[in-house]
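Read off the chains here:
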Amino acid sequence: MSIPKVCGIETEYGIHVMHGDPNPIAASSVLINAYAQEIARQQVGWDFEDESPGNDARGFALEGSLPPQVETHLLNTVLTDGARFYVDHAHPEFSTPECLDAMECLRYDRAGELVLIRSMEAADRVVTDGRRFVVYKNNSDGKGNSYGCHENYLMDRAAPFSRIVEGVTPHFVTRQVFTGAGKVGSETTAFDGEPVDFQLTQRAEFFEERVGLETTLKRPIVNTRDEPHADPHRYRRLHVIVGDANLAEVATFLKVGTTALVLAMIEDDVTIPRSLGLADPVRAMHEVSRDRTLRRPLLMEDGSTATALAVQWELYTAARAYADSNGLACMGDAGVGEEVLRRWEAVLDGLEGDPMSLARQLDWVAKLQLLEAYRERQGCGWDDQRLAAIDLQYHDLRPERSLFRRLDTERLVDDAAVERAVVEPPRGTRAWFRGRCLSKWPASVVTANWDSLVFDLGTDPLRRVPMMDPLRGTADHVDELLERSASPAELLDRLSS
Amino acid sequence: MAERELKRKSGTTDRGAEAVEEVPAGSAKGEKLKAELDDLLDEIDEVLEDNAEEFVRNYVQKGGE
């Protein structure tokens, strides 16, 4: 049986400085500091001891492939909801805590947006040199520079990596029909100079390899970073870099939910009747992105052809049968797995009938509908810069400027739940222990990371509490312990007894 | 392939009766969406940054990840 598909989303936000020093690293630091000091009122450092982003899941390092560079000394903080909020490269990044299912993941992804909005507001209050910061939840600047929105899924180490690559690639290529955030034009050589008015995704054209370790150059469809942040003998963390950052809640929910389900099937070695191997997955990635009609056939490994939707229907049908025979316990809270299946089917039906009927559910459709309406009214061509401005401003997080916010898209989580997720960790993963310890004893937790907490009890030496299992340290496991412990010293005594 | 697509298509027709009622172009729901879009278009020039060309040109990011 597949293990629970613990998941999370890391989003690198675009950042723009108005009126002053445009340095994005300095600007990102100001935002995070402003939030940590003005709003969260705490600052807990990140502990890099166990990080190893250069490890390759295939068990070797390709000659000439350099491990990703980790800038370890930039600003980092951990929040009471178990999330990490930090400067990554030249962007503010919010990593959700470990979540038990797609709905919870969506809730924390939305909480991340709220944290960034509040960071902008806090920065406006504390910055006195006139700079103003604008944050965008998108993945490209339209000039060939891309930044990521990565998903992570817990997997059983027993599933061979080659099977994961084979099984998940068709999903990554074709799920773009509902995960795309939409983009005006193109900005790389992926389309051999052919003009593209609008494409489904922000990210597709930046992918150049099938499998690999890189995340910033020659980006691969399947990333091999083998850094489980957990017991490496039992678990792997599949680090997914092909997705767009979504604002539409249904899109985020389906992006995570369908992927978790496909990975569960791979773990349980489910055979899909039709071979879904693509002849050239990288090329197919680009083709799917630029095909607004969703009718373009993709060449399969066996010489046949299939549309992205046909591949999605195959995956959906297999997932439906898998759920009927195996159940959906690995998909988290009761009902979430069924909701993923229900919405997956509805979205495929909608895309097959009339894609524009999904303007309330999917980012690329919502954006395209707005752009087409604007074009019609203004009588302008696709090269009009106002369309590029609308594209950019769709993703603007400032409430008064966000175009997404003005569109009436379907909501799956209410505002109160998002508010709670800003401060309270998920109950069903180790994020609960991390977040609760930070709330209860902010002065004693000196550093944190995904798989440990370090306490300063005022007596030497510092004490590290390992958390190598993402499924332990839940509210059920530790609430009583945390209740009974009046001090961190008591907690550590109980933990070691 | 053709057979499979046919199967899928016929599969979707079974549910078609309910689905089709939901999203015809002239439905109340469709009208409401269109009206909302019209409202947004009426005010979009106030929401958009003043100089679109300069605004777009100035948005430059470093690659990330």
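Residues numbered from 1 in each chain as written. Chains lettered and ligands numbered in written order. Predicted model: local features only at pLDDT ≥ 70, side-chain atom pairs only at ≥ 80, totals over all residues. Heavy atoms only, no water.

Colleague: When you look at the overall build of chain B in this model, what are you seeing that I'm missing?
Modeller: Helices and strands together make up the secondary structure of chain B, namely 3 helices and 0 strands. For chain B, the α and β elements follow one another from N to C terminus as α-α-α. Counting across all 65 residues of chain B, residues that qualify as buried make up 28%. Counting every atom, chain B has about 4500 Å² of accessible surface; 51% of that belongs to carbon and sulfur. (Helix = DSSP H or I, 4+ residues; strand = E, 2+ residues; numbered from the N terminus. Buried < 20%, exposed > 50% of the residue type's maximum accessible area, 1.4 Å probe, protein only. Areas by Shrake-Rupley, 256 points an atom, 1.4 Å probe, with all protein chains shown as cover.)

Colleague: What is the right way to look at the overall build of chain A in this model?
Modeller: Within chain A, the secondary structure is distributed over 15 helices and 18 strands. A compact globule built from 497 residues would reach a C-alpha radius of gyration of about 23 Å, and chain A, at 22 Å, matches this within 12%. Judged by the C-alpha coordinates and their principal axes, chain A covers about 70 × 60 × 45 Å. Taking the contacts inside chain A whose residues are at least 6 apart along the sequence as the reference set, 71% of them involve residues at least 24 apart. (Rg over C-alpha atoms; globule rule 2.2 N^0.38 Å. Contact = heavy atoms within 4.5 Å.)

Colleague: What should I look at first to understand the interface of chain A and chain B in this one?
Modeller: Note: interface size is frequently given as the accessible area lost on complex formation between the parts. Taken together, the contacts link 58 residues of chain A with 36 residues of chain B. Of all residues in chain A, K143, R377 and R406 of chain A give up the largest surface area on contact with chain B, accounting jointly for 13% of the area buried on that side. Between chain A and chain B we count 5 salt bridges in total. Close ionic contact of R398 of chain A with E49 of chain B constitutes a salt bridge, the shortest N to O distance being 2.7 Å. Where chain A touches chain B, the interface holds 15 residue pairs in polar contact (both at pLDDT 80 or more). For the side of chain A that touches chain B, the secondary structure elements donating two or more residues are β2 (14-18), β15 (305-306), α7 (308-326), α8 (336-353), α9 (363-378), α10 (385-394) and α11 (403-406) of chain A. Sorting elements by how many residues they give to the side of chain A that touches chain B places α10 of chain A first, with 7 residues. (Buried area = accessible area lost by both parts, 1.4 Å probe. Salt bridge = Lys/Arg side-chain N within 4 Å of Asp/Glu carboxyl O. Polar contact = N/O pair within 3.5 Å; in protein donor to acceptor, adjacent residues only side chain to side chain.)

Colleague: Explanation requested: the sheet that holds strand β8 (residues 149-156) of chain A in the structure shown.
Modeller: Working definition: the strands of a sheet are paired by backbone hydrogen bonds and lie parallel or antiparallel to each other. All names here are of chain A. Strand order in the open sheet made by the 6 strands is β4-β5-β6-β1-β8-β13, with antiparallel pairing throughout. Whereas interior strands pair on both sides, the edge strands pair on one side only; in this sheet they are β4 (76-78) and β13 (235-240). Between one strand axis and the next, the sheet turns through 20 degrees on average, direction left out of account. Direction of pairing for β4 relative to strand β5 (residues 84-88): antiparallel, over a ladder of 3 bridges. Within the sheet, the bridge partner assigned to T77 lies in β5 and is F85. Running at roughly 160 degrees to β5, helix α1 (residues 24-40) makes contact with β4, β5 and β6 (91-95) of the sheet. Contacts between helix α5 (residues 249-267) and the sheet are confined to β1 (7-12), β8 and β13, with β8 contributing the most and set at about 30 degrees to the helix. (Pairing = 2+ DSSP bridges. Axes fitted to C-alpha atoms, helices over the stretch in contact; angles between N-to-C directions.)

Colleague: Where do I start with the environment of F455 of chain A in this structure?
Modeller: All names here are of chain A. With respect to the helices and strands, the residue F455 is situated in strand β17 (residues 452-455). Once the C-alpha coordinates of F455 and R296 are considered, the two residues, 159 residues apart in sequence, prove to be 57 Å apart. Residue contacts for F455: discarding those within four places in its chain leaves C437, W441, S444, V445, V446, L462, R463, V465, P488, L491 and L492.

Colleague: How do you make sense of α9 of chain A when you look at a structure like this?
Modeller: Owing to its 3.6 residues per turn, the α-helix aligns residues three or four sequence positions apart on the same side. All names here are of chain A. Here α9 spans 22 Å end to end across 16 residues, near enough to the 22 Å set by a 1.5 Å rise per residue. Looking at α9, one finds that the buried residues are D363, W364, V365, A366, K367, L368, L370, L371, A373 and Y374. G379 occupies a position one or two residues after α9 and carries a positive phi of about 65 degrees. (Expected span 1.5 Å × (residues − 1).)

Colleague: Whenever I open this one, the confidence of the model for chain A confuses me. Can you help?
Modeller: As a general rule, the predicted coordinates of low-pLDDT regions are not to be interpreted in detail. Considering every residue of chain A, the mean pLDDT works out to 94; 97% of them sit at 70 or more. Here residues 61-73 of chain A is a poorly scored stretch, pLDDT under 50, and it has 14 contacts once near neighbours within four places are set aside; other chains count. (pLDDT = per-residue confidence, 0-100.)

Colleague: Any chance you could explain the pattern of salt bridges here in plain terms?
Modeller: Note on pairing: side chains with opposite charge can pair once their charged atoms come close. Residues and elements named next belong to chain A. Under the defined criterion, the tally for this structure stands at 42 salt bridges over all chains. With its nearest N and O atoms 3.0 Å apart, the salt bridge here joins R411 to D415. Given the relative accessible area of 40%, R411 is considered partly exposed. Judged by its relative accessible area of 51%, D415 is exposed.

Colleague: Any chance you could explain the domain arrangement of chain A here in plain terms?
Modeller: Residue and element names in this part refer to chain A. Taken domain by domain, chain A comprises domain 1 (7-417) and domain 2 (427-496). Between the C-alpha centres of domain 1 and domain 2 there is a distance of 31 Å. In this assembly, 25 residues from domain 1 lie in contact with 24 residues from domain 2. In this assembly, domain 1 packs against domain 2 so that about 2100 Å² is buried in total across both faces, 56% of it on carbon and sulfur atoms. (Domains from an automatic or database assignment.)

Colleague: When you look at the sheet that holds strand β3 (residues 45-46) of chain A in this model, what are you seeing that I'm missing?
Modeller: All names here are of chain A. In spatial order, the strands read β3-β16-β17-β18; together these 4 strands make up an open sheet with mixed pairing. This sheet does not close on itself; its edge strands, each paired only once, are β3 and β18 (463-466). By the bridge criterion, 4 bridges tie strand β16 (residues 445-449) to β17 in an arrangement that is antiparallel. Across the sheet, T447 pairs through a bridge with V454, a residue of β17. On the sheet, helix α13 (residues 431-440) packs against β16, β17 and β18 and is oriented at approximately 25 degrees with respect to β17.

Colleague: Just checking my understanding: could you explain the side chain of T11 of chain A for this structure?
Modeller: With respect to the helices and strands, the residue T11 of chain A is situated in strand β1. If near-sequence neighbours (up to four positions away) are discounted, T11 of chain A is found in contact with P92, E93, F94, D109, K137, G148, C149 and A245 of chain A.

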